[in-house]
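The residues making up each chain are set out below.
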Amino acid sequence: MNIDCPIPLATEELVRLGHGSGGEMTQKLLREHVFPHLDNEWIRQGHDSATLPLGSERVVFTTDSFVVSPLFFPGGDIGKLAVCGTVNDLAMSGAMPLYLSCSLILEEGLPVKTLGRVMQSMAETAAEAGVKLVTGDTKVVERGRGDGLYINTAGIGALSHSLPVGPQQIQAGDLILLSGDIGRHGMAIMARREGLEFDSPLHSDCALLHGAIGALLDAGIAVHCLRDLTRGGLATALAELAEGAGKDFLVQEPEIPVSGPVQGACELLGLDPLYVANEGRFIAFVPAHQAQHALAVMAAIRVSSDSKVIGVVGDTPPGSEPGSQTGVRGRAVLKNTLGCERLLDRLPGEQLPRIC
Amino acid sequence: MKYLDEYRQRSSIHKLAAQVNDTVTRPWTIMEVCGGQTHAIVKYGLQQLLPAQLQLVHGPGCPVCVTSLEIIDKAIAIAARPEVVFCSFGDMLRVPGSNGDLQSAKAAGADVRAVYSPLHAVRLAEENPDREVVFFAIGFETTAPANAMAAFLARRKRLRNFSLLVSHFLVPPAIESIGSAADSRVQGFLAAGHVCAVMGYEEYLPLASKFRFPIVVTGFEPLDILEGILMCVRQLEQGKHEVQNQYARAVVRSGNMPARSMLEQVFEVATQDWRGVGSIGNSGLQLRSEFAEFDALKKFRPVIAVPETDSGCISGQIMLGHNKPSDCPHFGRECRPEHPLGAPMVSTEGACAAYHRYSRQVSTNEH
């Protein structure tokens, strides 16, 4: 039987929205069209931020752009998001965030009052984070060439401890801690866009996470790896870290908290909460004997007060290499309430609503 | 969550699975017709709870998968017109046509929008009188009433800038076609609950008698599916071939009469081309002549190159229950969800995408 694919593929590839989903398409775009031009030892680390030597000190440096629509949503706005996102990226390296830049790309016709509201929100969030916005840039594009307002922030943080934090540090037997319920940010935005209303409204989880991370480190928890859950959701983060660590994870689905409104909105729109974006949640990999202590520390801090152990790191699959793209990879396996197992993959492209 | 948690409860599901295990005494092959059921089966790993002798094969009920290459090419041609706002359900956007998909057309400048309802497209037409709004009306009997309603409303509102690109499919002729195939392995069917919520299940009675296989109208939650399977294997073990209704909380024998009457007013039965399967008589819907002005094919007359045929594609074999996705040499290799070679790898309801996402062997590494 001839089973060649009958469908010829398009010759010229264009950037599609799925390339910005933070999942497999994004990785492929970076691997093929970005990294080859920029190769160096820090890019090769493949983290959301780079840890750099500066004299005798080490600093952490990161950047993030914010293009959310609508600009204001329940639980936050683009300004709060722009500070939280960059502060959280720094915190996930175990750094203390210090300084942020702020670049504004404004669309002709944006009410200056709107800009004022966003800037006030940035200032308030920066004050809460204890970071200073120290430099920036402003550009204006013609009407129709932007979505009102885009923000880019870059941030610098200081590493005051010598603990290595990253996927390679993940060890067999580590427990996986999740800092709270998932899917709030993505569903708050979707519900606003689709005009859905619920009895209890959906609020974004957009929040600063460096306080919780700092508390874990101060308490002497030997944190092996941290990851904030953003685009691609919990599932994509777990799949990427399993691959980066070269280890298998076993995650218990019934332990993953999802609020009623998020679950309801996901059911209505045909989406999987495991793949929905968050802006104020993280997972931490800690040694099993310190897990209860870590949970107690996180419980005392508001953003992580509902932390739970959701899984455990297993052994290295035979023949696997950490970070392997092609060979045997570490896998994230999800065990559901029925005791049945399935693999978690990265989000392939955009999460598209199902037909029925 | 209320009305869902009850149907996902561990103890009830394990109890039903045990009953299926107790009932089955020899090998049986059952087809779940609907892609939504396939999705639930692989997502919840229900096969892991069932006896090895019971094989589930996945039917043709994935609307994205059965939509022909020709109609996708025509959709892309219409979407590329500068005056057109092309609206579609989300999953259709990534189905490859002969040369790219609707998302690529969007990246190249077409105004393509994912909407949740055809009535949203009607509203867009009202709000944008200077644009031509086209809705990609695809799917089975489930989505057809809302699409019929869109045409009905557009006529009542005298909208001249709204049209439907219709590619509708009917389930019973597909079951008939599978039952008639000489090499069919399927011994019993789970019919799609939501299709029957609209149409009822009277039209399945002659099919069950003619082919002597049981048909159980089944819902979409894990408990529904296991109960449907149990009802089906009980009949098989007893040598019966009746139509039974597992999904009684949503389905009545004669269906939803207002929805059926809306369908009847707007659409008529026509021959339909199933991707990977071929042409099946009386298996589709087209707009009645009274609604011809809302037919996007008549309005835009898209000209496309003759599409490559699907004759070599294994998707037809999968949708007829002859092969499983993992039988395809491209599965999980060249053909992946972010780079689909065929339609069943696109929608989460497509058997290949569902398999890829949820049920690649957990015990072996496939990359």
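These figures come from a predicted structure and were not determined experimentally.

Conventions we followed
- Residues numbered from 1 in each chain as written.
- Chains lettered and ligands numbered in written order.
- Predicted model: local features only at pLDDT ≥ 70, side-chain atom pairs only at ≥ 80, totals over all residues.
- Heavy atoms only, no water.
- Helix = DSSP H or I, 4+ residues; strand = E, 2+ residues; numbered from the N terminus.
- Rg over C-alpha atoms; globule rule 2.2 N^0.38 Å.
- Buried < 20%, exposed > 50% of the residue type's maximum accessible area, 1.4 Å probe, protein only.
- Contact = heavy atoms within 4.5 Å.
- Lys, Arg positive; Asp, Glu negative; His and termini not counted.
- Charge placed at Lys NZ, Arg CZ, Asp CG, Glu CD.
- Disulfide = S-S within 2.5 Å.
- Core = buried A, V, L, I, M, F, W, Y, C linked by side-chain atoms within 4.5 Å.
- Salt bridge = Lys/Arg side-chain N within 4 Å of Asp/Glu carboxyl O.
- Phe/Tyr/Trp six-rings, centres within 6.5 Å; stacked < 30°, edge-to-face > 60°.
- Lys NZ or Arg CZ within 6 Å of the ring centre and 35° of its normal.
- pLDDT = per-residue confidence, 0-100.
- Pairing = 2+ DSSP bridges.
- Axes fitted to C-alpha atoms, helices over the stretch in contact; angles between N-to-C directions.
- Parallel < 35°, antiparallel > 145°, perpendicular 65-115°, else oblique.
- Left-handed = near helix turned anticlockwise from the far one by under 90°.
- Nonpolar A, V, L, I, M, F, W, Y, C, P; charged D, E, K, R; others polar.
- Domains from an automatic or database assignment.
- Buried area = accessible area lost by both parts, 1.4 Å probe.

Asks: In this structure, what is going on with the overall build of chain A? I would like to understand it.
Replies: On a plain count of helices and strands, chain A comes out with eight helices and 14 strands. Scaling as 2.2 N^0.38, a compact globule of 356 residues should have a C-alpha radius of gyration of about 21 Å, and chain A matches this with 20 Å. Taken over the C-alpha atoms alone, chain A extends approximately 60 × 60 × 50 Å along its principal axes. Across the 356 residues that make up chain A, the buried fraction comes to 53%. Partitioning the intrachain contacts of chain A with sequence separation of at least 6 by distance along the chain shows that 83% fall at a separation of at least 24. Separation between the mean location of the 27 positive side-chain charges and that of the 41 negative ones in chain A comes to 2 Å.

Asks: So what exactly am I meant to see when it comes to the state of the cysteines here?
Replies: Two cysteines joined by a covalent bond between their sulfur atoms form a disulfide. All names here are of chain B. Tallied over the full model, the rule gives one disulfide over all chains. Through a disulfide, C62 is tied to C65; the S-S separation comes to 2.4 Å. The sign of the 65° torsion about the S-S bond sets the C62-C65 disulfide as right-handed. The residues C62 and C65 share a single accessibility class, namely buried. For C232, which is in no disulfide, the shortest distance to another cysteine sulfur is to C196 and amounts to 13 Å.

Asks: Just checking my understanding: could you explain the nonpolar core for this structure?
Replies: When a protein is soluble and globular, its nonpolar side chains tend to lie buried together. All names here are of chain B. Ranked by size, the top nonpolar core spans 91 residues in total, and within it F86, F162 and Y204 carry the most contacts. Once residues within four sequence positions are removed from consideration, F162 is found in contact with A121, V122, A125, E132, V133, F135, A150, A154, E293, F294 and K299. Counting residues in each nonpolar core, the second largest holds 28 residues, with W28, L54, L190 and I229 among its members.

Asks: It is not clear to me how the pattern of salt bridges should be interpreted in this structure. Could you clarify?
Replies: Pairing is possible between side chains that carry opposite charge, provided their charged atoms lie close to one another. With the rule as written, the count across this model stands at 30 salt bridges over all chains. For R227(A), the salt bridge goes to E240(A), with nearest N and O atoms at 3.0 Å. In this pair, R227(A) is assigned in strand 9 (residues 225–228) and E240(A) in helix 6 (residues 233–245), connecting sequence segments 13 residues apart. Like R227(A), the residue E240(A) is buried in the burial classification. A salt bridge links E202(B) to R253(B); the nearest nitrogen and oxygen atoms lie 3.2 Å apart. Of this pair, E202(B) sits in the loop between helix 9 (193–199) and helix 10 (205–211) while R253(B) sits in the loop between strand 9 (243–245) and helix 12 (257–266), and the two are 51 residues apart along the sequence. For R253(B), a relative accessible area of 44% translates into the label partly exposed. Beyond isolated ion pairs, a larger network of salt bridges with shared partners links E24(A), R31(A), R227(A), E240(A), E243(A) and R346(A).

Asks: In this structure, what is going on with the packing of aromatic side chains? I would like to understand it.
Replies: The description of an aromatic ring pair rests on the distance of the ring centres and on the angle between the ring planes. Tallying each qualifying case throughout the model produces 10 aromatic pairs over all chains. Considering the side-chain rings of F89(B) and F135(B), the 5.4 Å spacing of their centres and the 90° angle between planes classify their relative orientation as edge-to-face. Of this pair, F89(B) sits in the loop between strand 3 (84–88) and helix 5 (102–107) while F135(B) sits in strand 5 (residues 132–139), and the two are 46 residues apart along the sequence. The class for F89(B) is buried, based on a relative accessible area of 6%. In this structure F135(B) comes out as buried when scored by relative accessible area, which is 0%. For the pair F169(B) and W274(B), a centre-to-centre distance of 4.8 Å together with 70° between the ring planes defines the contact as edge-to-face. With a gap of 105 residues between them, F169(B) in strand 6 (residues 162–169) and W274(B) in strand 10 (residues 267–274) connect regions that are remote in the sequence. A single burial state applies to F169(B) and to W274(B), both of which are buried. Counting every residue linked through ring pairs, the aromatic cluster contains F140(B), F169(B) and W274(B). Here the guanidinium or amino end of R117(A) rests over the ring plane of F72(A), the centre of that ring lying 3.8 Å away.

Asks: Would you mind showing me how to read the confidence of the model for chain A here?
Replies: A low pLDDT means the predicted coordinates there should not be read in detail. Within chain A, residue pLDDT values average 89, and 92% of them lie at 70 or more. A low-confidence stretch, residues 1–11 of chain A (pLDDT under 50), is modelled with 26 contacts involving residues beyond four sequence positions or located in other chains.

Asks: I would appreciate a short explanation of the sheet that holds strand 12 (residues 308–313) of chain A in the present structure.
Replies: Across a sheet, strands are paired by hydrogen bonds formed along the backbone, either parallel or antiparallel in direction. Residues and elements named next belong to chain A. Ordered by their spatial adjacency, seven strands build an open sheet running 9-11-8-12-10-13-14, and the pairing between neighbours is mixed. Two strands lie at the open edges of the sheet, namely strand 9 and strand 14 (341–344), each paired on one side alone. The sheet shows a mean angle of 25° between the axes of neighbouring strands, direction not considered. For strand 13 (residues 332–335) and strand 14, the ladder comprises four bridges, and the chain directions are antiparallel. Opposite V333, over in strand 14, you have L343 as the bridge partner. Where helix 6 meets the sheet, its contacts fall on strand 8 (175–178), strand 9, strand 10 (249–252), strand 11 (282–286), strand 12, strand 13 and strand 14, and the angle it forms with strand 11 comes to roughly 35°. Sitting on the sheet, helix 8 (residues 291–299) touches strand 8, strand 11 and strand 12, and the angle it makes with strand 8 is about 10°.

Asks: Mind showing me how you'd approach the sheet that holds strand 2 (residues 54–61) of chain B here?
Replies: All names here are of chain B. Taken in spatial order, the five strands make up an open sheet running 2-1-7-8-9, and their pairing is parallel. The open sheet has two edge strands, strand 2 and strand 9, and neither has a second partner. Shown here is a sheet whose adjacent strand axes are inclined to one another by a mean of 25°, direction ignored. For strand 1 (residues 28–34) and strand 7 (residues 188–192), the ladder comprises three bridges, and the chain directions are parallel. Pairing of E32 across the sheet is with L190, part of strand 7. Here helix 2 (residues 35–44) sits on the sheet in contact with strand 1, strand 2, strand 7 and strand 8 (215–218), set at roughly 120° to strand 1.

Asks: I would appreciate a short explanation of the packing of helix 7 (residues 144–156) of chain B against helix 12 of chain B in the present structure.
Replies: Each pair of packed helices can be summarised by the angle the axes make with each other and by the distance between the axes. All names here are of chain B. The contact between helix 7 and helix 12 brings their axes to 9 Å, and the two run at 55°. By the angle class used here, helix 7 and helix 12 are oblique. Handedness of the helix 7/helix 12 crossing: left-handed. Contacts from A144, P145, A148, M149, A151 and F152 of helix 7 reach helix 12 at A259, M262, L263, Q265 and V266. Taken together, the residues that form the contact of helix 7 with helix 12 break down as 10 nonpolar, one polar and no charged.

Asks: Sorry if this is basic, but what is going on with the domain arrangement of chain A here?
Replies: Think of interface size as the accessible area that goes away when the parts come together; that is how it is often given. All names here are of chain A. One can read the domain layout of chain A as domain 1 (51–158) and domain 2 (167–344). One C-alpha centre belongs to domain 1, the other to domain 2, and the line joining them spans 24 Å. In this assembly, 21 residues from domain 1 lie in contact with 20 residues from domain 2. A combined buried area of about 1800 Å² lies between domain 1 and domain 2, and 66% of that area is made up of carbon and sulfur atoms.

Asks: Explanation requested: the packing of helix 4 (residues 184–194) of chain A against helix 7 (residues 260–269) of chain A in the structure shown.
Replies: Residues and elements named next belong to chain A. It is at 10 Å that the axes of helix 4 and helix 7 come closest, and there the two elements cross at 55°. The pairing of helix 4 with helix 7 is recorded here as oblique in orientation. The handedness of the crossing between helix 4 and helix 7 comes out as left-handed. Between helix 4, through R184, M187, M190 and E194, and helix 7, the contact on the second element is made entirely by V262, A265, C266 and L269.

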